Structure formats: C-alpha cells, structure tokens
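Structural features, examined
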Amino acid sequence: MIKTWQKGWREALWADLKAGSTDWDMIIIGGGITGAGVLREAARLGLKVLLVEQRDFAWGTSSRSSKMVHGGLRYLTQGDIKLTHEAVVERQQMLNEAPGLVEPMKYIYPFRKGSFPGRFAFNLVLRVYDWFAGRRDYRYFDKRAIEYFLPGIRDAGLYGGTQYTDAVTDDARLVMRVLQEARGEGGIAANYIKVEALIREQGRVVGLKLQDVASGECCEVRAKVLVSATGAWADRLRGELIDERRVRPLRGSHLVVPSWRLPVHQALAYQHPDDGRFTFVYPWEGVTVIGTTDLDHRENLDVEAGISAEEVDYILSGANHQFPAAGLTREDILTTWSGVRPIVGKAGVAPLKMKPSDARRDHVVWSDQGLITVTGGKLTTFRAIAMDVLTAAAPLLPLGKIKDTRARVFAPVSKKLTGIHLGSAQQRRLTGFYGSAAQALLDYAHPEDLSYIPGSLNLWAELRWAAAQEAVQHLDDLLLRRTRLGFLLPEGGLQQRERIQQIVQQELGWDEARWGEELQRYQGIWRSKYSVPVAG
Ligand SMILES: Cc1cc2nc3c(=O)[nH]c(=O)nc-3n(C[C@H](O)[C@H](O)[C@H](O)COP(=O)(O)OP(=O)(O)OC[C@H]3O[C@@H](n4cnc5c(N)ncnc54)[C@H](O)[C@@H]3O)c2cc1C
C-alpha cells in the first residue's frame, strides 16, 4: 500500500493508478472538508479509499470560510431546529476532541432601544441553543460591561448585550488534520489530480478519467463507488449524468485589519445597517476579521474568488457604523479573502431564479447512476455529512447498515511535547494542529526554527514541516493553506521572503529558477485575490 506524502509518493501513486493495480472501493473527488470527512469515515470502515483534489487540499471554500465552528444561531432564529441541533452537537464533539485546533470563542450581540431582536427574544433563542449543548452558558451584560468588552462600540440606543459561546478554528488546518487521521487508517489523499470526466458503462458510473495536473498526463481508474464532494463545482460532474443545475454559488468576503486598529477580544455579531444581514467582527490568529457578504458569484469557479471594491466598502461601512471612532479606511486593510458557498435550490427551479427562502443551507446527498454527490453544509457538520454519504454508499459496496457510533474523528494526543520549552497554550495549539505528528514536527526542526514567524502565531518549524511532509507543490500551498501567512500579513508574508526561500529550497529542492516561478505565481494570486482591490 502506498504511503502518501512521503518522498516519491506522487510518482508511486500515479504509477499505481495507471497500472490499475489497486481495487478501489471508493474514490472521493474533492479535497475540502467534506471530502476529507468522507475519507476519514470510509478509512475507519477499512475501505480501500482514495481522495483526489484538482488543486491543493482545502483550496476551495474550505480555506476561505469564516472559520467558525458553530451551531448557526441564525438558522435557529429562522426556525431550522434540526440543522442547528445537529451543528451544536458536532461543535461540542470537535471542541472535546481537538482542543487547540477548535477553540471556544465568546460572542456578543448588543441590544439597542427599538431594535429587534431585543434582550427577551434573543435570550429565548439562546436558551434553546444552549439546551442543545446541554449547558446554560449565555449571559446578559449591561451597557457598561459591553463598552468594556468592545471599546469604541457605538453608543446610540445601546442598553446592554448578551454574551454566548461558539467556537473558531483554522479551516485549512482542520482539513489537514482530518486528512491526517484518515491517512493514519489507510486512506490515501492526493492533491493536484483532477477528475476530467466520469466513465460510464451500461448506464452506470464505474470510474473516472484522471489528470495529473503537473504533467498533464491522464489515466483511467475504477472504483465500486464514486463520491463527488466538489462543493460549488457539484453541478459539473453530476451534469454529465443529468440535465439539472441545482447549485447557486454565493460569494462571501472578509477583511483583515491589524488588531490594534479594531481591538476585539471576543466576536461581535451585528446586523449591517444597509440590509440587516448578520455580520461579524472577530479575533483570529492575532488579527481582526470582519465579514461577510452574500452575493451571487457569477465569475469562473476555476479562478480563486476575490473581493470586489463594493464589498470592501460595504464591510467597512458596517464596521464603522458599529465602531464610529475607529474610522477604518482601505489603508487599514492587511488582507482580504472570499469563499464561494454552494447554496442548493429546489429541483426544477433554475438556481438563479430561486427565492433566497427556497435555498437550503444544509447539505444534500444525491445518488445518480452510481455517482454520489454531496454538496452544501458547513465546516462544522463535516462528520455528520460523511455519515450520510456512507449511508448512501452502503448499498453499492455493500456495507450493510451504517451505524453512527459517534466514534472519535481526532485521535487523542496526551503526551507532553518535549525538546523545547513550550507554554501550555503553545502545546495545545501544536497538538491541535498536528495531532500525533506534533512531536515529530519539533524533532524535525532546526534549532533556529523554534521561534515565531514575525507577526504570526506560527513557529518557523511549522513552515519547515509543512514543506517537507505535507504534500506541498506550490508556494501558495505553503503560505495560504499549510500556514496562513498570506491571510494575515502585509505582502502576503513576503516580508520574510529570504527565510521562506531558504526553508523551501532546503526542503523541496527548488533551484533559483523554480523559486522565481513560484514567487511570481504566489505574488500574482495574493495581489489579485487576497489584497485590497483598487476602488472602482
Ligand atoms: C464565506 C463563507 C463563510 C463560511 N463560514 C463558515 C463558518 O464560519 N462555519 C462553517 O461551519 N461553515 C462555513 N462556511 C461553509 C463551509 O466553508 C463550507 O460548507 C465547506 O467549506 C464546504 O466544503 P466542501 O469540501 O464541500 O467544498 P470545498 O472546500 O469547496 O471543496 C471542494 C473541492 O472540490 C475540488 N474539485 C472540484 N472539482 C474537481 C474535480 N473535477 N476534480 C478534483 N477536484 C475537484 C475543488 O478544487 C475544491 O477544493 C462558509 C462558507 C463561505 C462561502
């Protein structure tokens, strides 16, 4: 069996795929959180399972979400009790199993005279929300406390606010950790392999035409079950089988400002003054994030989504309305990012014609001629989504009835890390992010790597480890998804260019020409999709 991500794995896997040497039970298309979750649960069942991703792991929406692990209080206010309950239960399991990767985050919702929801209605909803989690955690604070928690918050009509608890994560690292757990049980995950087409025989999907993106070479593989976990791209492969479009891609964008410009230590949830949409200002990885928007995304899905100048203005105006004294301007923005959410419409209604009220924000699983398609949903519910996919796959394998035992997704890491003096928060973070590999990461580090990358919470050792051990193909994999320097730092982290170059050249063996190409590629992506667009 091929061990992915070790030296030479890519060539060995491709040779195996070309030769058709493995009798795959399942091939999963898409390396976001949904695909990773399915790989993890399928590997647990002992299936021979392969995941292929056309770009990098988490390249799609799963590195560009708001990163909240939450029940979705908003869905509860809309009466979607089942969706909220499921998400709260999943959130609790993630908090229990992956401390350091999934951390509690306090939220504040301020109340103003004459605005809805007021204290009574909001707290009633929170009572149900907390009840789902088996606790009573929310708490009302008066105006003085709210002003203390959120310095500079708008005074007009403010009389108090309620604090409640959800959680936050690093979405791309969450995907990597789930993949790591899956690989530990024999699952195979390969990035930069694209599914070009489905292979059908006698009206059933029996395999896939794959392309190795680097070489352009193609081959055909077969499996008992094919799962498309392609998120916003879901209509494409399914469209080869049936003439139906169900996915409406909606873009959500975020702004990042230095925390000293908008110092919040807990998240603020508020309604945007222009349209009443729920918006958040929250701390993440040492910066302050503001978002999101919710707009039809009509651009080419194969190009990374980026924020528009209008979205920048909308987000800034909302934040300045809440914090008038902050006076945030475009010059304050460090970085931006945008993700595309697949909203699923009703059968028979063209996606762009559907009313927002007809759109589903939970996930769907369709089974068509041997292809199982899963789309929609949330980061938070990836485990439950995977169980639904396996239930749909069971008759095709056959697996018998799938029983959800709520088995651990993340293996426990109880051993204290050694070799460097780490505070408890750093221990917790490293074991959360890297699971059982955390000690190996430290052991692999050069002595000078055991310091922080300036402006981030990452050690240089993490960058080195990722370059060496985490299937990095391009500089953007390393700076946008294995670490999040491109999401957090001016110039996308390239103020540290020399040290980054030294590490990647040592670990990946890139010569000067390759480094130059990668640098140019990264700068192109960062400037066009992760920085501030020129005002229109
Ligand atoms: C702005 C925004 C904010 C969000 N915030 C939150 C939040 O705070 N909390 C939360 O729980 N959820 C949130 N979500 C939802 C969550 O991010 C998504 O539900 C989740 O990331 C979807 O994961 P996925 O794996 O289904 O899709 P993706 O992450 O998009 O993965 C699909 C993958 O399939 C690959 N692919 C497509 N076609 C092919 C092919 N032919 N061959 C090989 N690979 C292919 C793509 O490259 C892509 O990487 C948010 C979504 C958005 C848009």
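I will try to describe carefully the structure that is included in this document. All residue numbers refer to positions counted from 1 along the written sequence of the respective chain. Local features in this predicted model are restricted to residues whose pLDDT is 70 or higher, and side-chain atom pairs enter the listing and the counts only when it is 80 or higher, whereas totals over whole chains, interfaces and linings include all residues. Side-chain measures were taken over the full set of non-hydrogen atoms in the model, leaving aside hydrogen atoms and water.

In this structure, aspartate 25 sits in strand β1 (residues 24–29). In the structure, aspartate 25 is positioned 197 residues away from arginine 222 in sequence and 8.8 Å away in space, judged by C-alpha atoms. Once residues within four sequence positions are removed from consideration, aspartate 25 is found in contact with Leu47, Lys48, Ala223, Lys224, Val225 and Leu397. Under the rule applied, a polar contact is a pair of N or O atoms within 3.5 Å (in protein, one hydrogen donor and one hydrogen acceptor; residues adjacent in sequence only if both atoms are side-chain atoms). Within the structure, the side chain of aspartate 25 is placed 2.8 Å from the side chain of lysine 224, a separation counted as a polar contact. Put simply, DSSP marks the helices as runs of H or I at least four residues long and the strands as runs of E at least two long, and each gets a number from the N terminus on. Any pair of residues with heavy atoms lying within 4.5 Å of one another is described as a contacting pair.

Take helix α2 (residues 33–44) next. Residues lying three or four places apart along an α-helix face the same way, a consequence of the helix completing one turn every 3.6 residues. Expected helix span is given by 1.5 Å per residue-to-residue step, counting one fewer step than there are residues. For α2, which comprises 12 residues, the first-to-last C-alpha distance of 16 Å matches the rise-based estimate of 16 Å (1.5 Å per residue) to within 8%. Throughout, exposure labels follow a simple rule: accessible area from a 1.4 Å probe, protein chains only, divided by the maximum for the residue type, with under 20% read as buried, over 50% as exposed, and the rest as partly exposed. When you tally the buried positions in α2, you get 11 out of 12 residues, the bulk of the element. Listed in full, the buried residues belonging to α2 are Ile33, Thr34, Gly35, Ala36, Gly37, Val38, Leu39, Arg40, Glu41, Ala42 and Ala43. Among the structural elements, β1, β2 (49–52), α7 (171–184), β7 (188–190), β18 (371–376) and α10 (382–393) are those in contact with the buried residues of α2. Downstream of α2 by a residue or two, glycine 46 has a phi angle that is positive, lying close to 85°.

Each reported salt bridge corresponds to a side-chain nitrogen of Lys or Arg within 4 Å of a carboxyl oxygen of Asp or Glu. For the structure on display, the rule yields 39 salt bridges. Where aspartate 368 meets arginine 238, a salt bridge forms, and the shortest distance between an N and an O atom there is 2.9 Å. Here the residue aspartate 368 occupies a position in strand β17 (residues 363–368), and arginine 238 occupies one in helix α8 (residues 234–238), the gap between them amounting to 130 residues. Take aspartate 368 and arginine 238: they sit in the same class, and that class is buried. Residues participating in the shared-partner salt-bridge network are Asp56, Asp476, Asp477, Arg481, Arg482 and Arg521.

By themselves, these observations are geometric and do not establish any function.
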